[in-house]
Amino acid sequence: MNKLLCTDTFGHFLLKEAVILGSVTWSLDGTIQPDFYSSDEADALGLTGLSFLPFEQVRPQCFDLIKGKRTPSYFKFVFLLSPKNLERTLLSTHSSFTPEDITGMFINLKFQQKKLLLTTGISYRIFSVDKSLDQEWDSLVKRFLTAHEISFEEL
């Protein structure tokens, strides 16, 4: 929880959505509203070309919703790689897939019944039986968790 809400560990991921269930249910849609930022503001914030906000820009608000004496009974965060990081990942894994083949590479964090579950996923624009990228993505996420000293157990 500390790495998620109190550090920038997940800050470079884009927030697709978040749901936090405490005394009320908070539902956040990370979609950038195109009319909210001027083009100069979008450029200055590094939002140009993005569909979703970087988590670093909403992390403080999420922290405010979760902090307190009582842990939320449930929360879910859906993160995805930015287009630039998606492209870097495909290059580093020597994948035959192109950025145009992939809708998103996701990390899903769900807290329920006092357990935190992380799952990964890839949404493809094309049909493929090749699952090598899924395996590479799983390995990269495990390395990310290890590098940030986030303990995990594989199920």
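Think of each chain on its own: its residues are numbered from 1, step by step along the sequence as written. Only residues with pLDDT of at least 70 get local features here, since the model is predicted, and only at 80 or more are side-chain atom pairs given and counted; chain-wide, interface and lining totals rely on the full set of residues. Heavy atoms throughout the structure, all of them, feed into the side-chain values; hydrogens and water do not.

1. A closer look at the overall build of the protein
And then number 1: Only runs of H or I of at least four residues qualify as helices and only runs of E of at least two qualify as strands under DSSP, and these elements are numbered from the N terminus. Counting secondary structure elements, the protein contains five helices and five strands.
And then number 2: Listed N to C, the secondary structure of the protein is α-β-β-α-α-β-α-β-β-α in terms of helices and strands.
And then number 3: Considered along the principal axes of its C-alpha atoms, the protein spans approximately 50 × 45 × 25 Å.
And then number 4: A total of 155 residues make up the protein; the buried ones form 37% of that total.
And then number 5: Two residues form a contact once any of their heavy atoms are found within 4.5 Å. Across the protein, every contact between residues at least 6 apart in sequence was considered, and the portion connecting residues at least 24 apart equals 60%.
And then number 6: Taking the 16 positively charged and 19 negatively charged side chains of the protein as two groups, their mean positions are separated by 11 Å. Relative accessibility thresholds used throughout: buried, under 20% of the residue-type maximum; exposed, over 50%; partly exposed, between the two (1.4 Å probe, protein chains only). By the counting scheme adopted, Arg and Lys are positive, Glu and Asp are negative, and His together with the chain ends is not counted. Charged groups are reduced to one reference atom each: NZ for lysine, CZ for arginine, CG for aspartic acid, CD for glutamic acid.

2. So, unusual backbone geometry
And then number 1: You will see that His 94, though not glycine, has its phi angle at about 55 degrees, which is positive.
And then number 2: Examined against the element boundaries, His 94 turns out to sit in the loop between helix H4 (83–92) and strand E4 (102–112).
And then number 3: Residue Gln 113 is not a glycine yet carries a positive backbone phi of 55 degrees.
And then number 4: Its place among the elements puts Gln 113 in the loop between E4 and strand E5 (115–124).
And then number 5: You can call Gln 113 exposed: its relative accessible area is 70%.

3. Looking at the pattern of salt bridges
And then number 1: Any Lys or Arg side-chain nitrogen found within 4 Å of a carboxyl oxygen on Asp or Glu counts as a salt bridge. A complete count under the given rule lists three salt bridges for this structure.
And then number 2: For Lys 67, the salt bridge identified is with Asp 64, shortest N-O distance 3.4 Å.
And then number 3: Given a relative accessible area of 46%, Asp 64 falls into the partly exposed group.
And then number 4: Between Lys 142 and Glu 154 there is a salt bridge, with its nearest N and O atoms 3.2 Å apart. Of this pair, Lys 142 sits in helix H5 (residues 132–147) while Glu 154 sits in the segment after H5, and the two are twelve residues apart along the sequence.

4. Some words on the environment of Gly 22
And then number 1: Tracing the sequence through the fold places Gly 22 in the loop between strand E1 (14–21) and strand E2 (25–29).
And then number 2: The class of Gly 22 is partly exposed, set by a relative accessible area of 43%.
And then number 3: For the pair Gly 22 and Ser 96, spaced 74 residues apart in sequence, the C-alpha separation works out to 43 Å.

5. Some points on the side chain of Thr 89
And then number 1: As for its placement among the helices and strands, Thr 89 is situated in helix H4.
And then number 2: Ignoring sequence-local partners within four residues, the contact set of Thr 89 consists of Leu 81, Met 105 and Leu 140.

6. Let's talk about the sheet that holds strand E3 (residues 74–80)
And then number 1: As summarised here, the arrangement of the five strands in space is E2-E1-E3-E4-E5, forming an open sheet in which the pairing is antiparallel. Two strands close off the open sheet at either side, each with one partner strand: E2 and E5. For this sheet, the mean angle separating the axes of adjacent strands, direction not counted, is 10 degrees. What makes two strands pair is DSSP finding at least two bridges between them. Axes here mean lines fitted to C-alpha atoms, for a helix over just the part in contact, with angles spanning 0 to 180 degrees between N-to-C directions.

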